[in-house]
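Residues per chain, in single letters:
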Amino acid sequence: MNTAPAAIRRSRLAALSWRRHGFGAALLAAAWLWHAGAQAMPADSAPDAPQASTFADGLESPWGMEFMPDGHLLVTERPGRLRMISADGREISSIDGVPRVDHRDHGGLLDVAIDPAFASNRLVYLSYTKAGRGLHADRNGLAVARARLSDDGSRIDELKVLFRQTPGAVNGQNLGGRLALSADGHLFVTIGDRHAPQDRMRAQALAYYQGKTVRIRTDGTVPDDNPFVARQGARPEIWSRGHRNPQGAFVHPRTGQLWVAEHGPQGGDEINIVRKGLNYGWPVVTFGCEYDTCAKIGEGTSKRGMEAPLAFWTTPKIAPSNLILYTGDQFPAWKGNVFVGTLAGKAVWRFELAGEDSAPRVVRREALFSELGERIRNLRQGPDGSLYLLTDGAKARIVRVARADSML
């Protein structure tokens with residue numbers, strides 16, 4: 001898989017500076033890694049080589065996807081449609097009963113997730129932008145709802161709104177919206193800062209949901225052990241703060257820790273391991289700068305009391321979408337790696353990790369599948385260990401990455 005020259009491979013390993021210390025060295029590292037890692041994945045005829053093929057197409061502005069236990073795939077489309085794709089990718093149907101969404105700018109129907117006990121309870125979770133009313137009709141906020149998928153998969157019923165972001169915002173960007181469920185019955189939701197420069201500091205303010213991750217139970221109630229549940233003036237659902245636009249999230253199956261991938265401004269994209277009650281810096285510290293002018297934002301790249309990212313990019317911006325931990329058997333060399341989809345980067349980044357699960361370090365990263373030339377909106381591991389890449393845009397598709405010998 002790694003066909004980069006030996007000198008570049010050595011530079012990858014020597015230049016791994018991921019923390020907010022020694023910014024000049026980290027900038028050099030990021031530049032080397034972008035140059036070395038963004039090579040197109042070579043064609044390879046070996047039986048165990050990964051091969052990409054179209055699994056399904058004809059999707060409009062998709063955002064979220066989730067596999068069901070029987071291999072069917074749920075996919076959201078931002079205009080407000082929930083789709084079901086058959087396990088072989090040949091049939092795409094629509095599911096009725098979806099809540100009304102505010103589809104403008106980056107908003108609409110966003111993520112979909114299934115309950116850990118889906119096989120017995122048929123519960124699904126949706127995130128979406130919900131419009132305000134009356135004098136606030138020009139605003140919207142992120143909402144999360146739970147519903148039951150009918151046995152025949154034709155509709156969802158018993159819809160219950162579990163969470164709603166208030167107050168709403170006029171700006172329709174930097175929404176966040178990713179969902180991640182833990183095995184112990186908690187639902188994490190990522191929420192962006194909503195982009196407007198005058199509102200950025202709300203990412204630091206506990207009175208607002210903007211720029212936060214939140215944690216609720218799957219019935220919508222607030223856990224007693226949330227970090228700010230007893231603090232006066234704080235939103236009790238908040239789990240962490242200081243995020244800009246976290247569009248990727250998963251809960252690590254062994255540690256229970258939340259991992260997120262988030263957009264910086266111009267540069268400064270990050271991967272963070274999110275721990276209870278901690279502050280991830282935005283907009284006080286960042287590796288990015290203002291769009292167009294690249295003017296400085298905040299106080300620098302580090303500050304006491306604010307967490308450093310596990311990994312970051314400077315420029316060019318890659319705009320991370322979702323991220324997953326690969327646990328499948330189809331590609332044994334990838335087991336335990338983290339994969340991150342990218343929009344501006346039009347690739348999937350693979351991270352090799354070492355150390356303890358609760359405190360890992362990155363030992364190598366590389367960009368794969370850039371030869372597709374498509375924005376990657378989401379990615380998932382399939383039941384057979386294949387990777388499924390959801391592309392972005394008005395005419396989008398799902399790409400299956402599998403061993404060559406499994407596609408015969």
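Residues numbered from 1 in each chain as written. Predicted model: local features only at pLDDT ≥ 70, side-chain atom pairs only at ≥ 80, totals over all residues. Heavy atoms only, no water.

Chemist: In this structure, what is going on with the overall build of the chain? I would like to understand it.
Modeler: The number of helices and strands found in the chain is 3 helices and 24 strands. Evaluated residue by residue, the chain yields a buried proportion of 56% over its 408 residues. Nonlocal contacts in the chain, meaning residues at least 24 apart in sequence, comprise 59% of its contacts between residues at least 6 apart. Taken as a whole, the chain presents about 16,400 Å² of accessible surface, with 49% of it coming from carbon and sulfur. (Helix = DSSP H or I, 4+ residues; strand = E, 2+ residues; numbered from the N terminus. Buried < 20%, exposed > 50% of the residue type's maximum accessible area, 1.4 Å probe, protein only. Contact = heavy atoms within 4.5 Å. Areas by Shrake-Rupley, 256 points an atom, 1.4 Å probe, with all protein chains shown as cover.)

Chemist: Which parts of the structure should I look at to understand the sheet that holds strand 13 (residues 238–241)?
Modeler: The strands that make up a sheet are held in pairs by hydrogen bonds between backbone atoms, and each pair lies either parallel or antiparallel. Judged by pairing direction, the sheet is antiparallel, and its 4 strands sit side by side in the order 10-11-12-13 without closing on themselves. Because the sheet does not close on itself, it has two edges, and the strands there are strand 10 (176–181) and strand 13. Between one strand axis and the next, the sheet turns by 20° as a mean value, whatever way the strands run. Pairing between strand 11 (residues 186–191) and strand 12 (residues 212–217): 6 bridges, direction antiparallel. Within strand 12, the residue paired with L187 across the bridge is I216. (Pairing = 2+ DSSP bridges. Axes fitted to C-alpha atoms, helices over the stretch in contact; angles between N-to-C directions.)

Chemist: How do you make sense of the environment of R202 when you look at a structure like this?
Modeler: Mapped onto the elements, R202 comes out in the loop between strand 11 and strand 12. The sequence separation of R202 and R241 amounts to 39 residues, and the corresponding C-alpha distance is 9.3 Å. Filtering out sequence-adjacent residues up to four positions away, R202 remains in contact with P167, Y208, Q210 and K212. Separated by 3.3 Å, the side chains of R202 and Q210 make a polar contact. (Polar contact = N/O pair within 3.5 Å; in protein donor to acceptor, adjacent residues only side chain to side chain.)

Chemist: Where do I start with empty space enclosed by the protein in this structure?
Modeler: Here the idea is plain: a probe the size of a water molecule rolls over the atoms and shows the empty space left. Under the definition given, this model contains 3 cavities of 30 Å³ or more. The space that makes up the second largest cavity amounts to roughly 70 Å³. What lines the second largest cavity is a set of 13 residues, among which E262, G268, E270, W282 and T286 lie closest to the centre. (1 Å grid on protein atoms, 1.4 Å probe; cavity = no way out; pocket = protein on both sides within 12 Å on 5 of 7 lines; lining within 4 Å. Points joined across faces, edges and corners; volume = space filled by probe spheres on them.)

Chemist: Can you help me understand the layout of surface pockets in this one?
Modeler: Considering only enclosed or pocket space, the largest pocket measures out at about 970 Å³ in volume. Of all the secondary-structure elements, those providing two or more residues to the lining of the largest pocket are strand 2 (62–67), strand 6 (109–114), strand 10, strand 11, strand 14 (245–251), strand 18 (320–325) and strand 22 (376–381). Its residues assigned to classes, the lining of the largest pocket shows 23 nonpolar, 8 polar and 7 charged. What lines the second largest pocket is a set of 20 residues, and nearest its centre among them are H106, N174, N245, Q247 and H263. By residue class, the composition of the lining of the second largest pocket is 5 nonpolar, 9 polar and 6 charged. (Nonpolar A, V, L, I, M, F, W, Y, C, P; charged D, E, K, R; others polar.)

Chemist: Help me understand the pairing of strand 9 (residues 156–164), please; the structure alone is not making it clear to me.
Modeler: Side-chain direction in a regular strand flips from residue to residue, so the side chains alternate between the two faces of the sheet. Sheet topology places strand 8 (residues 140–149) next to strand 9; 6 bridges connect them, and they run antiparallel. Among the inter-strand pairings, R148 is bridged to a residue of strand 9, identified as D157. In this antiparallel pair of consecutive strands, strand 8 and strand 9, the connection spans 6 residues, and G153 shows a positive phi of 70°.

Chemist: I would appreciate a short explanation of the sheet that holds strand 5 (residues 92–95) in the present structure.
Modeler: As summarised here, the arrangement of the 4 strands in space is 2-3-4-5, forming an open sheet in which the pairing is antiparallel. Two strands bound the open sheet, and with one partner strand each, they are strand 2 and strand 5. The sheet shows a mean angle of 25° between the axes of neighbouring strands, taken without regard to direction. As judged from the 4 bridges shared by strand 2 and strand 3 (residues 73–77), these two strands associate in the antiparallel manner. Within strand 3, the position partnered with E66 by the bridge is L74.

Chemist: Help me understand the nonpolar core, please; the structure alone is not making it clear to me.
Modeler: Of all hydrophobic cores here, the largest spans 22 residues; its most connected members are Y125, F163, L179, L187, V189 and I191. Mapped onto this core, the elements with two or more residues apiece are strand 6, strand 7 (123–131), strand 8, strand 9, strand 10, strand 11 and strand 12. Tallying contributions element by element places strand 11 first for this core, with 3 residues. With 19 residues, the next largest nonpolar core counts V101, A145, L149 and I156 among its residues. (Core = buried A, V, L, I, M, F, W, Y, C linked by side-chain atoms within 4.5 Å.)

Chemist: How should I be thinking about the environment of I297 in this particular structure?
Modeler: Structurally, I297 can be placed in the loop between strand 16 (270–274) and strand 17 (311–312). Overall, the relative accessible area of 5% leaves I297 in the buried class. Here the alpha-carbon distance between I297 and P283, two residues 14 residues apart in the chain, equals 6.9 Å. Beyond its immediate stretch of four places on either side in the chain, I297 contacts R200, P265, W282, P283, V284, T286, C289 and E290.

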